[in-house]
Amino acid sequence: MTSDTHTAFEALAASGSSMTDPFDSIYRLVYQLTMRTVGCADIADSPELLRKTLAWFHLVEESTTAASTLFPRLPGVGYFQRMYGGARLYTTLKKVVDSRARTGTRVDDPLQFLIDEGDDMMHIIGFVISGLIAGLLNSGINAGFVLAYLAHSPEWLAHVRAEVETVADKYTPDEASHQTLAARLAHVPLEAWESELPIVDLCLRDSIRLQTLGSGFRRNISNRDVPIGSTGEVIPAGAFAAYPLDDIHMNPAVYQDPTKWDPARYLDPRNEDKKAPLTFVGWGAGRHPCLGMRFAKLESNVIVAYWAAMFDFSLCDEQGMPTDVLPVSNRDAWTARKPQPGCRLRFEAREKSGA
Ligand code: HEM
């Protein structure tokens, strides 16, 4: 994950461009990291296959609507898009599986694990597509937003950089202390990436609060009505309960100035998310919270740390002119979506690449 990220940012620094759309470039990096973690290394290592499979994956993902969920076999444009995208992903993965079988090549990746388990192609493709759907959208959108918020907030960027420098200093051996900050980050062990960047973690947390849209659904699968506290109301047996997440995340009685990105709201003495149970449900709750939380936090920590280490950056418009306008999520959407209008970051390398 660290070397993919470092390589992607070095390529951006060497691209000759000084402006990027984080909802495109960073989203693509998140796709690569997700493909490496839930899919196959052959695709994660190939820029060409990454580009093609992301386009096919989008066909599958974007054609999933409320109507297609209710009537999955009803032929319409979305149905054919989904079939086409799914078929192209299937054949790409199948080629990799066949080539490994033919040449006896073994690779340390999730695909190999599924092959070794004896799973058939339909299960393998189902696993990879489900993993990408679960893992890409939220992580990709939030990564773009966190970098935009930091571009807008020199104070939080300074906190983040100080934290990243502290962790790099702690783990860099003396003989490597002359290296760039980005190069020194390669010495940071997994445990430290996961537990020693609490400020970066809070940056993600408040972005998730703002980007978690729509409703959570649960079905009462028992054969009795479930009472709702002491309200006298029930969730009838077999019925669905829907909970609009903004009811809590945008509640001004819980979150002061709720539309503002403000990681300090989780710190002493404010502790806004500790005022009552279930005030923060950005990772889900109950029996089915997010299974990818650890991976998602790790991925965010790595991306934010390398970006802050390697670039000075600020918000700009499509023409490259400085702006103060932050991207915002459309709160009428039912799932994380790229913001419209989008956003651009103007960036400049902070240190020469290499050691
Ligand atoms: C910032 C990133 C992420 C956010 C905000 C997020 C959020 C969530 C939420 C709110 C749920 C619960 C949905 C519900 O209760 O109806 C959930 C479930 C889930 N997430 Fe994530 N997620 C993220 C990243 C990931 C990643 C990277 C993966 C895996 C690669 C992943 C895999 C899953 C899975 C498998 C579930 C279903 C768990 C179950 O039903 O038992 N998520 N996620």
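Preceding block: the structure.
Undergrad: Would you explain the site of the ligand in this entry?
TA: Neighbouring the ligand are 18 residues; N138, R218, G284, H288 and C290 lie closest to it. Backbone polar atom of A134 to a nitrogen atom of the ligand: 3.4 Å apart, as the coordinates give it. Side-chain polar atom of R218 to an oxygen atom of the ligand: 2.7 Å apart, as the coordinates give it. The set of elements that each furnish at least two residues to the shell around the ligand consists of α8 (121-152) and α14 (293-310). Classifying every residue of the shell around the ligand gives nine nonpolar, eight polar and one charged.

Undergrad: Just to check I follow, could you spell out the nonpolar core for this structure?
TA: A general tendency of soluble globular proteins is for nonpolar side chains to be buried together. The biggest cluster of nonpolar side chains holds 90 residues, and the ones touching the most others in it are F9, L150, V160, L185, W193 and W307. Sort the elements by how many residues they give to this core and α8 lands first, with 17 residues. Look past the residues within four positions of L185 in its chain and what remains in contact with it is V164, V167, A168, W193, A305, Y306 and A309.

Undergrad: Help me understand helix α4 (residues 47-62) in this model?
TA: Residue pairs spaced three or four apart in an α-helix point in one direction, given the helix's 3.6 residues per turn. The end-to-end C-alpha distance of α4 is 22 Å, a good match for the 22 Å that 16 residues give at a rise of 1.5 Å each. Among all positions of α4, only L50, T53, L54, W56, F57, H58, V60 and E61 are buried. Buried positions along α4 lie against α2 (22-38), α3 (41-44), α6 (77-103) and α8.

Undergrad: How do you make sense of the sheet that holds strand β6 (residues 311-316) when you look at a structure like this?
TA: As a general point, the strands of a sheet are linked pairwise by backbone hydrogen bonds and lie either parallel or antiparallel. If you trace the three strands from one edge of the open sheet to the other, you get β1-β7-β6, paired in antiparallel fashion. Among the strands making up the open sheet, the edge pair consists of β1 (19-20) and β6. Strand contacts of α14: β1, β6 and β7 (344-349), with the helix running at about 100 degrees to β6, the strand carrying the most contacts.

Undergrad: I would appreciate a short explanation of the packing of aromatic side chains in the present structure.
TA: Given two aromatic rings, one states the distance between the centres and the angle between the planes to describe the pair. One pass over the structure, following the stated rule, counts 15 aromatic pairs. Note on Y266 and F280: the rings are 6.4 Å apart at their centroids and 90 degrees apart in plane angle, and the pair reads as edge-to-face. Pair noted here: Y266 is in the loop between α13 (246-249) and α14 and F280 is in the loop between α13 and α14, with a separation of 14 residues, a long-range link. Residue Y266 is classed as buried on the basis of its relative accessible area, which comes to 5%. Classification of F280 by relative accessible area gives buried; the value is 12%. Note that R205 overlies the ring of F280, its terminal NZ or CZ placed 3.9 Å from the centroid.

Rules of the game
- Residues numbered from 1 in each chain as written.
- Predicted model: local features only at pLDDT ≥ 70, side-chain atom pairs only at ≥ 80, totals over all residues.
- Heavy atoms only, no water.
- Near = heavy atom within 4 Å.
- Polar contact = N/O pair within 3.5 Å; in protein donor to acceptor, adjacent residues only side chain to side chain.
- Helix = DSSP H or I, 4+ residues; strand = E, 2+ residues; numbered from the N terminus.
- Nonpolar A, V, L, I, M, F, W, Y, C, P; charged D, E, K, R; others polar.
- Core = buried A, V, L, I, M, F, W, Y, C linked by side-chain atoms within 4.5 Å.
- Buried < 20%, exposed > 50% of the residue type's maximum accessible area, 1.4 Å probe, protein only.
- Contact = heavy atoms within 4.5 Å.
- Expected span 1.5 Å × (residues − 1).
- Pairing = 2+ DSSP bridges.
- Axes fitted to C-alpha atoms, helices over the stretch in contact; angles between N-to-C directions.
- Phe/Tyr/Trp six-rings, centres within 6.5 Å; stacked < 30°, edge-to-face > 60°.
- Lys NZ or Arg CZ within 6 Å of the ring centre and 35° of its normal.

Geometric values such as these leave the question of function open.
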